[in-house]
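This is what each chain is made of:
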Amino acid sequence: MTRFDTLITNGRLITAADSYDADIGIKDGRIVALGEDLGEAAEVIDAQGLWVMPGGIDAHCHLDQPLGDGAVMADDFLTGTRSAACGGTTTVIPFAVQQKGQSLRAAVEDYHRRSEGKAMVDYAFHMIVTDPTESVLKEELPALIEEGYSSFKIYLTYDDLKLNDREVLEVLAMARREGGMVMVHAENADCIAYLTELLESQGQTSPFYHGVAHSAIAEREATHRAISLAELIDVPLLIVHVSGPEAIEQIRWAQGRGLRVYGETCPQYLMLTASDLDQEGFEGAKCVCSPPPRDKAAQEAVWQALEGGVFQVFSSDHAPFRYDDPQGKKLHGEEAGFHHIPNGIPGLETRLSILFSEGVVKQRIDPTRFVALTATNPAKIYGLYPRKGTIAIGSDADLTLWDPRARSTVRNVDLHHAVDYTPYEGLELTGRPVLALCRGASVSRNGEPTAEPGHGQFLKCDKPQPARPRGQAKGF
Ligand code: DUC
Ligand code: ZN
Ligand code: ZN
């Protein structure tokens, strides 16, 4: 019998800490050896000229999430994880959402039913807490955190999701007691409602005005408030999908004061601006997401925060709605006012290639930082490390082999989600994932899926033990 199931030879290994040349021996889905001349294997993959990185972890994506208004997400666990695999992502963490009045456990059980047997890559669940009743806070959440659902998102906006400040404090206090990780969608609901009504009363309802209503000031205020509430309770907090300098300044300020405040951003805030909401006809609806894309100066601020360590996580916030569909952007068959357009942009498959091409190839971030942002830090923050997010003996053999010179053009027909557009159509990229392994088995090759639905396994997350953000201590 050979020593390894698979041997990856001649590659350049890149982790969040280092890059070096070594071979990787894989047995039973795990990395069991790193070094030179490792011996015999049933299968040898020659990675000459390729970079071998930990498989991507997309720690913020929405799949098959039930919605109340007639909109239906285009991607379920099959098409979403297929798309992830083809883009080099081998773990996804979507959201089990609690409907108001529903128990959280019912939401988690429902989400297991939706995912069962469908996923091509591994997956964990965040929860979305919308109704923090006493039994949710004292019984359900503590039990669920122990069972491997250790992170949850709360909202400061959206009528059917938002919590008031008192509820936020109660959730944060529970997270402190039980050791959960809280993510927050930070936009001020009343500011958005006020501006929306004002714009509507003036007949300013095209998709462009979505960006006006979701003002950066409303994002800044909510970011500062969330940070203050977390400081009061003395608990870590992660601000998701940060769009520009106003919120970044708040996070940088908090980190500078030694608070355990983490930040996440997404491709749309590097690649899109408000002018993408202002296209001919209704096309701008394709780029309606919250917070919205801002301007060129905001893109630059996001880049600087990625380079400088304000952000720890780079996720897609994949929220898949078809454009030309009565269950999608043209909800109920209408080109409705911006307030009625489902929020979200597809991005699971393009997330890594965009950051690789625009960040690594253009030398804005180095390859080790790319790995930290897209795999290692999310694994650490959400309790999956070191099983996921690194190349180490004992870790799952979740590996993505990159050709750093390959060129391609983004075209929706080549993507594997079920959405009928990509906001990045025509974008030219350098660097592409040529092979992705999830627990040692190939899940995509040259951008095409190679896994069967059901290959992906559910992952229980440990209680996160995040290090302090960069600049304060080692770790990120
Ligand atoms: N905003 C969210 O809060 N969630 C999904 C997508 C979006 O745009
Ligand atoms: Zn959000
Ligand atoms: Zn989201």
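Predicted model only: the values in this text are computed from it and were never measured.

Caption draft 1: Here's a closer look at the sheet that holds strand S14 (residues 181–185). Read from one edge of the open sheet, 7 strands run S10-S12-S13-S14-S15-S16-S17, paired in parallel fashion. Two strands in the sheet have a free side with no partner beyond their single neighbour: strand S10 (95–97) and strand S17 (313–314). In this structure, strand S15 (residues 237–239) lies alongside strand S16 (residues 261–265), joined through 3 bridges in parallel fashion. Bridging across to S16, Ile239 finds its partner in Gly263.

Caption draft 2: Region of interest: the pairing of strand S18 (residues 399–409). Relative to S18, strand S7 (residues 51–54) is paired through 4 bridges, and the arrangement is antiparallel. By the bridge assignment for S18, Met53 is matched with Thr400. For S18 and strand S19 (residues 428–438), the ladder comprises 8 bridges, and the chain directions are antiparallel. Among the inter-strand pairings, Thr400 is bridged to a residue of S19, identified as Ala436.

Caption draft 3: Focus on the packing of helix H2 (residues 104–115) against helix H3 (residues 134–146). Here H2 crosses H3 at 30 degrees, and the two axes come no closer than 9 Å. Here Leu104, Arg105 and Val108 of H2 lie close against H3, whose contacting residues are Val136, Glu140, Leu141, Ala143 and Leu144. Within the contact of H2 with H3, the residues separate by chemical class into 6 nonpolar, no polar and 2 charged.

Caption draft 4: Fine view of the coordination of the zinc ion (ligand 2). All of the protein donors around the zinc ion (ligand 2) are Lys153 (NZ), His185 (ND1) and His241 (NE2); their distances to the metal are 2.1 Å. One can describe the donor arrangement at the zinc ion (ligand 2) as irregular, given that its 4 donor atoms subtend angles of 79 to 132 degrees at the metal. Here the zinc ion (ligand 2) and the zinc ion (ligand 3) are spaced 3.7 Å apart. Here the residue Lys153 occupies a position in strand S13 (residues 151–155), and His241 occupies one in the loop between S15 and helix H8 (245–256), the gap between them amounting to 88 residues. As far as burial versus exposure is concerned, Lys153 and His241 are alike and both buried.

Caption draft 5: Broad picture of the site of ligand 1. Inspection of the region around ligand 1 gives His62, Lys153, Tyr155, Tyr158, His185, His241, Cys289, Ser290, Asp317, Ala319, Asn343 and Gly344 as its neighbouring residues. His185 is positioned such that a nitrogen or oxygen atom in its side chain is 2.9 Å from an oxygen atom of ligand 1. Here an oxygen atom of ligand 1 and a backbone polar atom of Ser290 are 2.8 Å apart. Protein burial of ligand 1: of its 240 Å² of free accessible surface, 94% is covered by the chains. Put simply, ligand 1 lies in the largest pocket. The residue inventory of the shell around ligand 1, partitioned by class, reads 4 nonpolar, 6 polar and 2 charged.

About the cut-offs
Residues numbered from 1 in each chain as written. Chains lettered and ligands numbered in written order. Predicted model: local features only at pLDDT ≥ 70, side-chain atom pairs only at ≥ 80, totals over all residues. Heavy atoms only, no water. Pairing = 2+ DSSP bridges. Helix = DSSP H or I, 4+ residues; strand = E, 2+ residues; numbered from the N terminus. Axes fitted to C-alpha atoms, helices over the stretch in contact; angles between N-to-C directions. Contact = heavy atoms within 4.5 Å. Nonpolar A, V, L, I, M, F, W, Y, C, P; charged D, E, K, R; others polar. Donors = N, O, S within 2.8 Å, 3.2 Å for Na, K, Ca; no water. Tetrahedral: all angles 85-135°; square planar, octahedral: opposite > 155°, others 65-115°. Buried < 20%, exposed > 50% of the residue type's maximum accessible area, 1.4 Å probe, protein only. Near = heavy atom within 4 Å. Polar contact = N/O pair within 3.5 Å; in protein donor to acceptor, adjacent residues only side chain to side chain. Areas by Shrake-Rupley, 256 points an atom, 1.4 Å probe, with all protein chains shown as cover. 1 Å grid on protein atoms, 1.4 Å probe; cavity = no way out; pocket = protein on both sides within 12 Å on 5 of 7 lines; lining within 4 Å. Sits in = over half its atoms within 2 Å of the grid points.

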